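# A structural walkthrough
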Amino acid sequence: MLKLNRARTGRLAAVVALGAAVLAGSAPAFAEKADMGPLTFERNNLSGNYLAGRLAGSEGDAPAAAEFYRNALASDPDNAAMLDRAFVLSLVAGQADEAMDLGARLLDKDPNHLLARLALASEAVKRDRFDRASDLLSKPAEGPLADLTNTLFLAWIGAGRGQTEEAITAIEALQGPDWYAVFKPYNIGLIAAMAGDEERAGEAFE
């Protein structure tokens, strides 16, 4: 059983109780539960968890929303949309362990899921697993923002390995919309500064 002790318990309680009532087919059950104090409900209540997750998300309560969606996902583990939502909200809530587990499951279903690849690559870098991070980012990215993000990430992995020239060259070769001009020299300057090349960094920042 899960006890709700959120600031918005009243609204969450009503939604969860409604989901329980729908599941049980009992309107009186909803009326009774809505009048209760602290509300408890079964973790495997798919409808209640889903509705509560949506409400918590709309209220900006990412930790609560992530927990509700993970509970809903446990009742419907093959639901790709639920998996994606649980992953994103876990990531937003800073619940790294849960997010990484969900991200790995997402990649099993969709190897091209960009956010899952970026999240897992970040975790790999954190653990000094640069080869793993590079492998995760090796697939071509679709769209200008995805291409920019992938290229910059790979460049920084190279810079972290001491491959400064290769990293800068990769960024310079990046072709895309005009707004790339905001990101390319800035990241080149940062990488050059990290490598101790103050002159090149200054030129890039200019």
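Our structure's up above, just so we're on the same page.
Below is a summary of the structure that appears in this document. Just so we're clear, the structure is a prediction, and the values are computed from it rather than from any experiment.

### Let's talk about a nonpolar patch on the surface
- Side chains of Leu145, Trp179, Val182 and Phe183 sit close together on the surface and give an oily, nonpolar patch of about 400 Å² of accessible area.
- For Trp179, the position within the fold is in the loop between α10 (164-172) and α11 (180-194).

### Notes on the packing of aromatic side chains
- Inspection of the entire model under this criterion finds four aromatic pairs.
- Ring geometry for Tyr50 and Tyr69: centres 6.0 Å apart, planes at 90 degrees, overall edge-to-face. Of this pair, Tyr50 sits in helix α3 (residues 46-58) while Tyr69 sits in helix α4 (residues 62-75), placing them 19 residues apart in sequence.
- With a centroid separation of 6.3 Å and 80 degrees between ring planes, the pair formed by Trp179 and Phe183 is classed as edge-to-face.
- Looking at Phe183, the relative accessible area reads 35%, which means it is partly exposed.
- Among the aromatic side chains, those forming a connected cluster through ring pairs are Trp179, Tyr180 and Phe183.

### Focus on the nonpolar core
- Leu73, Phe87, Leu102, Ala121, Leu137 and Phe153 are the most contacted members of the largest nonpolar core, which has 31 residues in total.
- Take this core: its biggest share by element is seven residues, from α4.
- Filtering out sequence-adjacent residues up to four positions away, Phe87 remains in contact with Ala99, Leu102, Gly103, Leu106, His113, Leu115, Ala116 and Ala119.
- Ranked by size, the runner-up nonpolar core spans 14 residues in total, among them Ala155, Ala167, Ile188 and Ala204.

### Remarks on the packing of helix α9 (residues 144-160) against α10
- Where α9 meets α10, the axes come as close as 8 Å, and the angle between the chain directions of the two elements is 165 degrees. Put simply, α9 runs roughly antiparallel to α10. As α9 packs across α10, the resulting crossing turns out to be left-handed. Listed contacts from α10 to Thr151, Leu152, Ala155 and Ala159 of α9 are Ala167, Ala170 and Ile171.
- Across the contact of α9 with α10, the residue classes tally to six nonpolar, one polar and no charged.

Cut-offs applied
Residues numbered from 1 in each chain as written. Predicted model: local features only at pLDDT ≥ 70, side-chain atom pairs only at ≥ 80, totals over all residues. Heavy atoms only, no water. Patch = residues over 30% accessible without salt bridge, like charges linked within 9 Å, V, L, I, M, F, W, Y side chains within 5 Å. Areas by Shrake-Rupley, 256 points an atom, 1.4 Å probe, with all protein chains shown as cover. Salt bridge = Lys/Arg side-chain N within 4 Å of Asp/Glu carboxyl O. Helix = DSSP H or I, 4+ residues; strand = E, 2+ residues; numbered from the N terminus. Phe/Tyr/Trp six-rings, centres within 6.5 Å; stacked < 30°, edge-to-face > 60°. Buried < 20%, exposed > 50% of the residue type's maximum accessible area, 1.4 Å probe, protein only. Core = buried A, V, L, I, M, F, W, Y, C linked by side-chain atoms within 4.5 Å. Contact = heavy atoms within 4.5 Å. Axes fitted to C-alpha atoms, helices over the stretch in contact; angles between N-to-C directions. Parallel < 35°, antiparallel > 145°, perpendicular 65-115°, else oblique. Left-handed = near helix turned anticlockwise from the far one by under 90°. Nonpolar A, V, L, I, M, F, W, Y, C, P; charged D, E, K, R; others polar.

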